[in-house]
Amino acid sequence: MFLIGFEDYVGAPVDGSADATLAWMTSHAVQLSRLAVTFDNRAKASLPPDADPDTRDSVGRTAFVRAYVRHLAEALDATLADSSDEATE
């Protein structure tokens, strides 16, 4: 939904970027998994050993959302850079 809204808001310069961004994200899914695990491990390492399961679960979900947003930003950076390069050629 975000990508479609982004395309609608920016307009012609980014037409088709949603498909390209999703394709990039799919082809880099292993990177997302590693990033999510890294964020999860780092966040949970800072918790006290006796943290309750709900807190640990909340920290894990937050870490995944952070990883996904970063992955999305990297995908947009890569795909918009590619479309910018194509437009200048």
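This text follows the structure it describes.
A brief structural summary. This is a predicted model, so every value here is computed, not measured.

**As for helix 3 (residues 29-45)**
- Here helix 3 is 17 residues long and its end C-alpha atoms lie 24 Å apart, about the 24 Å a rise of 1.5 Å per residue gives.
- Every buried residue of helix 3 is accounted for by Leu32, Leu35, Ala36, Phe39 and Asp40. Across the axial projection of helix 3, the buried residues extend over an arc of 130°, all falling on one side. Across helix 3 from its buried face, at more than 90 degrees, point the exposed residues Val30, Arg34, Arg42 and Ala45.

**What about the pattern of salt bridges?**
- One pass over the full model with this rule turns up 3 salt bridges.
- Residue Lys44 pairs with Asp40 through a salt bridge whose shortest N-O separation is 3.2 Å. Of this pair, Lys44 and Asp40 are both found in helix 3, 4 residues apart, which corresponds to roughly one turn of the helix.
- Of the charged contacts, one joins Arg70 and Glu74 as a salt bridge, the two residues approaching to 3.3 Å between their closest N and O atoms. In this pair, Arg70 and Glu74 both sit in helix 4 (residues 53-88), 4 residues apart, roughly one turn of the helix.
- Owing to a relative accessible area of 41%, Arg70 belongs among the partly exposed residues under this scheme.

**Re the nonpolar core**
- Judged by nonpolar contacts, Leu3, Ala18, Trp24, Met25, Leu72, Ala75 and Leu76 together constitute the single largest core of 7 residues.
- For this core, the secondary-structure elements that each account for two or more residues are helix 2 (17-27) and helix 4.
- Those residues in contact with Ala18 that lie beyond four places of it in its chain are Leu3 and Glu7.
- Grouped together as the second largest cluster of nonpolar side chains are 6 residues, Leu32, Ala36, Phe39 and Ala63 included.

**Some remarks on the side chain of His71**
- Inspection of the secondary structure puts His71 in helix 4.
- Excluding anything up to four places from it in sequence, His71 contacts Trp24, Met25, His28, Gln31, Leu32 and Leu35.

**What to know about the environment of Asp77**
- Within the secondary structure, Asp77 is located in helix 4.
- For Asp77, a relative accessible area of 56% puts it in the exposed group.
- Along the sequence, Asp77 and Phe6 sit 71 residues apart, while their C-alpha atoms lie 13 Å from each other.

**Things to note about the packing of helix 1 (residues 2-10) against helix 2**
- Close contact between helix 1 and helix 2 brings their axes to 9 Å; oriented N to C, the two are set at 145°. For the element pair helix 1 and helix 2, the recorded crossing hand is right-handed. Residues Leu3, Phe6 and Glu7 of helix 1 touch helix 2, and the partners they reach there are Ser17, Ala18, Asp19, Thr21 and Leu22.
- Among the residues making up the contact of helix 1 with helix 2, the classes are represented as 4 nonpolar, 2 polar and 2 charged.

About the thresholds
- Residues numbered from 1 in each chain as written.
- Predicted model: local features only at pLDDT ≥ 70, side-chain atom pairs only at ≥ 80, totals over all residues.
- Heavy atoms only, no water.
- Helix = DSSP H or I, 4+ residues; strand = E, 2+ residues; numbered from the N terminus.
- Expected span 1.5 Å × (residues − 1).
- Buried < 20%, exposed > 50% of the residue type's maximum accessible area, 1.4 Å probe, protein only.
- Arc of directions from axis to C-beta.
- Salt bridge = Lys/Arg side-chain N within 4 Å of Asp/Glu carboxyl O.
- Core = buried A, V, L, I, M, F, W, Y, C linked by side-chain atoms within 4.5 Å.
- Contact = heavy atoms within 4.5 Å.
- Axes fitted to C-alpha atoms, helices over the stretch in contact; angles between N-to-C directions.
- Left-handed = near helix turned anticlockwise from the far one by under 90°.
- Nonpolar A, V, L, I, M, F, W, Y, C, P; charged D, E, K, R; others polar.

In short, shape yes, function no, at least from these values alone.
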